[in-house]
Amino acid sequence: MPLVSVVMPIYNSQLYLGEAIKNIMSQTMDDFELILVNDGSLDTSGEEIDRWKAQYPDKIKTIHKENGGTGSALNAGFAIATGEFGTWAASDDVKYPRYLELLSYYLRKHPEVGMAFSAFHHEGVHQDIFLPGDLYDENGIFETFVQESRTKCMTGTCFMFRMSLKKQVGDFAFGAGEDYLMGVKMGIAGKVGYLPVVLGRWRSNPEGLTAQLERGLPLTQQPAVDAMRLAREHG
């Protein structure tokens, strides 16, 4: 059984897909499985993930399914995940080489923590590094995670959780903001840890959910609305 299961939902991702998969396969830690979920792509993404599967048959699992959205693809991937820890990678994000190593090390070192996330470069709406300052203690425990989630998706692009916590909180929702809602649910159900180390780069969509939050625009996507409501109720 691998230590970490990495799920990558894929839909018409041929532009960055090869780079995203290579980022994972080039990690400094080798104890992981990569689950590639082709969510009904109409471009060459399906053929590309089959080529990667042929190259790494013992490391990569593939799923080809009808289009159902990111939440559907994540649920399909995690349904066959066997790792102790889990994470997911967008097919256009960049993960730095020690991403899996350092997040899994933190979770092993802190058994009381259910989910951990790290700093990251943010590309798109603005160029900077997410660092939450003094919002965590000397062990990296983020005491105000749910409170901070009332106005923004905190986990960003580099995070990892215990699969036992994932089973406890259930499946991803359907619709934009499914990762935001999952993060809030995990933050309510368990302790959250933070690593002030940059472990990836996020290619942000100027029209996406995060950009809306940063510009102070009202959210209408149900998972995002539910995430903010839960954070207000529990934060």
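### Overview of unusual backbone geometry
Here N12, not a glycine, exhibits a phi torsion of approximately 50 degrees, which is positive. For N12, the location among the structural elements is in the loop between β1 (4-10) and α1 (17-25).

### A word on the packing of aromatic side chains
Under the definition given, this model contains eleven aromatic pairs. Seen in terms of ring centroids, F78 and F161 are 5.7 Å apart; in terms of plane orientation they differ by 50 degrees. Their pairing is tilted. Separated by 83 residues along the polypeptide, F78 in helix α3 (residues 70-79) and F161 in strand β8 (residues 159-162) bring together distant segments of the chain. You'll find F78 and F161 in the same group, each marked buried. On the numbers, 5.0 Å between centres and 45 degrees between planes, the contact of Y136 with Y194 is tilted. With Y136 in the loop between β7 (128-129) and α5 (145-148) and Y194 in strand β9 (residues 191-203), this pair connects stretches of sequence that are 58 residues apart. Y136 sits in the partly exposed class, given a relative accessible area of 24%. With a relative accessible area of 1%, Y194 lands in the buried category.

### Details of the side chain of N38
Take N38: it is sitting in strand β2 (residues 32-39). The exposure class of N38 is buried, given its relative accessible area of 8%. In terms of polar contacts, N38 uses its side chain to reach the side chain of S41, at 2.8 Å. When residues no more than four places from it in sequence are discounted, the contact partners of N38 are I10, G46, I49, I63, H64 and K65.

### Here we look at the pairing of strand β4 (residues 85-88)
Going residue by residue along β4, you find F85 and T87 tucked away on one face and G86 and W88 tucked away on the opposite face as well. One ladder, built from four bridges, connects β1 with β4; its direction is parallel. Residue pairing across strands places V7 opposite W88, the latter belonging to β4. By the bridge criterion, two bridges tie β4 to β8 in an arrangement that is antiparallel. Each residue of the ladder has a partner; that of G86, found in β8, is F161.

### Some points on the environment of K167
Summarising the element assignment, K167 is placed in helix α6 (residues 163-169). Taking the C-alpha atoms as reference, K167 lies 9.7 Å from F78; in sequence the two are 89 residues apart.

### Notes on the pairing of strand β3 (residues 60-65)
By the bridge criterion, six bridges tie β2 to β3 in an arrangement that is parallel. Paired with L34 across the two strands is I60, which belongs to β3. Note that the unit made of β2, helix α2 (residues 45-55) and β3 has a crossover that is right-handed.

### Side note on the packing of α1 against α2
Their axes nearest at 11 Å, the elements α1 and α2 cross at an angle of 25 degrees. Taken together, the axis directions place α1 and α2 in an arrangement best described as roughly parallel. Between α1 and α2 lies a crossing whose hand is right-handed. Contact residues: α1 offers L17, G18, I21, K22 and M25, while α2 offers S45, E48, I49 and W52. When the residues that make up the contact of α1 with α2 are grouped by side-chain class, the tally is five nonpolar, two polar and two charged.

Conventions adopted
Residues numbered from 1 in each chain as written. Predicted model: local features only at pLDDT ≥ 70, side-chain atom pairs only at ≥ 80, totals over all residues. Heavy atoms only, no water. Helix = DSSP H or I, 4+ residues; strand = E, 2+ residues; numbered from the N terminus. Phe/Tyr/Trp six-rings, centres within 6.5 Å; stacked < 30°, edge-to-face > 60°. Buried < 20%, exposed > 50% of the residue type's maximum accessible area, 1.4 Å probe, protein only. Polar contact = N/O pair within 3.5 Å; in protein donor to acceptor, adjacent residues only side chain to side chain. Contact = heavy atoms within 4.5 Å. Pairing = 2+ DSSP bridges. Right-handed = clockwise from strand over helix to strand, strands pointing away. Axes fitted to C-alpha atoms, helices over the stretch in contact; angles between N-to-C directions. Parallel < 35°, antiparallel > 145°, perpendicular 65-115°, else oblique. Left-handed = near helix turned anticlockwise from the far one by under 90°. Nonpolar A, V, L, I, M, F, W, Y, C, P; charged D, E, K, R; others polar.

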